[in-house]
Amino acid sequence: MQKIVVHPGNAHRDDFLSVCVLLATCGDAAVFRCQPTEEDLADPETFVIDVGMEYDPEKHNFDHHHDRTLPCAFHLIMQHLGYHEDAMQVYGWYPIMNMMDVDGPHKTAEDLGVDPGFLLASSSPIDGYVLSRFSLVSSLGKRDLIYKFMKEMGKALIGLIDQKKQRLELLKKEARVVEVKQFRAIVSTISEEPKLSMELFFRHLADPGIVMCITPSVRCRGWELLRLGNSSIVDFRTIANHPGIDFVHANGYVATTRNLLPFVEIVELASEAVRDT
């Protein structure tokens with residue numbers, strides 16, 4: 001691959017992330033933010049992304065604007081690279097991003113059953129800044145700082161897919177589901193990135209009776225107890241005065257212990273935070 005062509009003007013997550021994963025998987029290539037030429041569209045050594053009004057994977061043309069049945073360019077690229085199905089499984093934001101790009105915020109909000117203002121207000125200022133920097137350039141080469149950033153981001157996005165899948169399989173073998181009064185909690189002893197894939201494991205279990213997870217804390221030497229969902233059934237403020245507790249959030253949804261208490265003790269402590277119904 002010799003070059004990547006994406007549309008000029010304001011950059012969006014769609015074209016930005018497409019370039020990121022291409023730089024991560026297809027070697028060094030110059031990036032141009034411009035309208036493609038006929039030569040670009042005909043050249044299989046040139047990836048034309050989110051512009052050009054043509055979808056032809058064999059020629060590496062990945063636009064979707066001419067066909068309402070196509071997903072966003074990033075999904076087309078991920079399909080081409082073989083990561084789409086896994087990304088749908090492990091990244092909660094992945095399908096939502098496609099909905100936003102293809103249908104816009106108002107239709108997406110309607111489909112999700114939320115107010116459109118919520119989606120617009122939840123846009124990250126980090127997103128906005130990074131995309132604005134990409135918007136300012138007309139071309140990028142491997143010596144440019146943002147080029148290096150995008151390539152590393154693409155590697156991280158793809159690498160995390162395998163990490164999350166592997167961790168999910170490990171959780172299926174290692175994690176325990178224990179009784180906490182009339183409900184249940186997930187307990188995992190994995191100390192390296194303890195929350196990695198916990199949401200996938202929770203979804204895999206599909207058990208509405210699970211109300212919290214207990215894992216080693218990344219901020220102290222003890223356990224972290226985290227409420228799953230927003231149920232008032234679990235409130236860790238009720239155990240704030242226990243001598244083993246190091247921290248409880250003012251809203252009661254998370255707590256940490258001073259040390260890694262024995263398994264039986266941490267389960268008993270977690271049970272004390274569950275309100276009787």
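The following paragraphs examine the structure supplied in this document. Keep in mind that what you see is a predicted model, and the values were worked out from it rather than measured. Each chain carries its own residue numbering, running from 1 in the written order of its sequence. Totals for whole chains, interfaces and linings use every residue, but because this is a predicted model, local features are given only for residues with pLDDT of at least 70 and side-chain atom pairs only at 80 or more, for both listing and counting. The basis for the side-chain values is all heavy atoms of the structure; hydrogens and waters are excluded.

**Some points on the nonpolar core**
For step 1, the next point in the chain: Definition used in this section: a nonpolar core is a set of buried Ala, Val, Leu, Ile, Met, Phe, Trp, Tyr and Cys residues joined via side-chain atoms within 4.5 Å. Burial here depends on accessible area, computed with a 1.4 Å probe over protein chains only, as a share of the maximum for the residue type. Under 20% is buried, over 50% is exposed, and the range in between is partly exposed. Grouped together as the largest cluster of nonpolar side chains are 50 residues, with contacts concentrated most on I4, I49, F134 and M150.
For step 2, the next point in the chain: Helical segments are the DSSP runs of H or I of at least four residues, strand segments are the runs of E of at least two, and each set is numbered from the N terminus. Ranked by residue count, the leading element in this core is helix α8 (residues 145-174), at 8 residues.
For step 3, the next point in the chain: Pairs of residues are marked as contacts when any of their non-hydrogen atoms sit within 4.5 Å. Look past the residues within four positions of I4 in its chain and what remains in contact with it is V19, L22, L23, A29, A30, V31, F32, F47 and I49.
For step 4, the next point in the chain: The next biggest cluster of nonpolar side chains, apart from the first, holds 24 residues, and it includes M212, I214, I233 and A270.

**With respect to α8**
For step 1, the next point in the chain: The terminal C-alpha atoms of α8, which comprises 30 residues, lie 41 Å apart, in line with the 44 Å expected from a rise of 1.5 Å per residue.
For step 2, the next point in the chain: By the burial criterion, the buried members of α8 are I146, Y147, M150, K151, G154, L157, I158, I161, K164, R167, L168 and L171. Expected helix span is given by 1.5 Å per residue-to-residue step, counting one fewer step than there are residues.

**Brief notes about the sheet that holds strand β5 (residues 61-62)**
The strands making up a sheet associate through backbone hydrogen bonding, with each pair oriented either parallel or antiparallel.
For step 1, the next point in the chain: Strand pairing follows a simple DSSP-based rule, namely that at least 2 bridges must link the two strands. Strand order in the open sheet made by the 6 strands is β4-β5-β3-β1-β2-β6, with mixed pairing throughout. Edge positions in the sheet fall to β4 (55-56) and β6 (139-140), since each of these pairs with one other strand and no more.
For step 2, the next point in the chain: The pairing of β4 with β5 spans 2 bridges and is classified as antiparallel. Counted as the bridge partner of D56 is N61 from β5.
For step 3, the next point in the chain: Only the contacting stretch of a helix is used when fitting its axis, a line to C-alpha atoms as for every element, and angles between N-to-C directions run 0 to 180 degrees. Along the sheet face, helix α1 (residues 13-25) touches β1 (3-6), β2 (30-33) and β3 (46-49) and points at about 175 degrees away from the line of β1.

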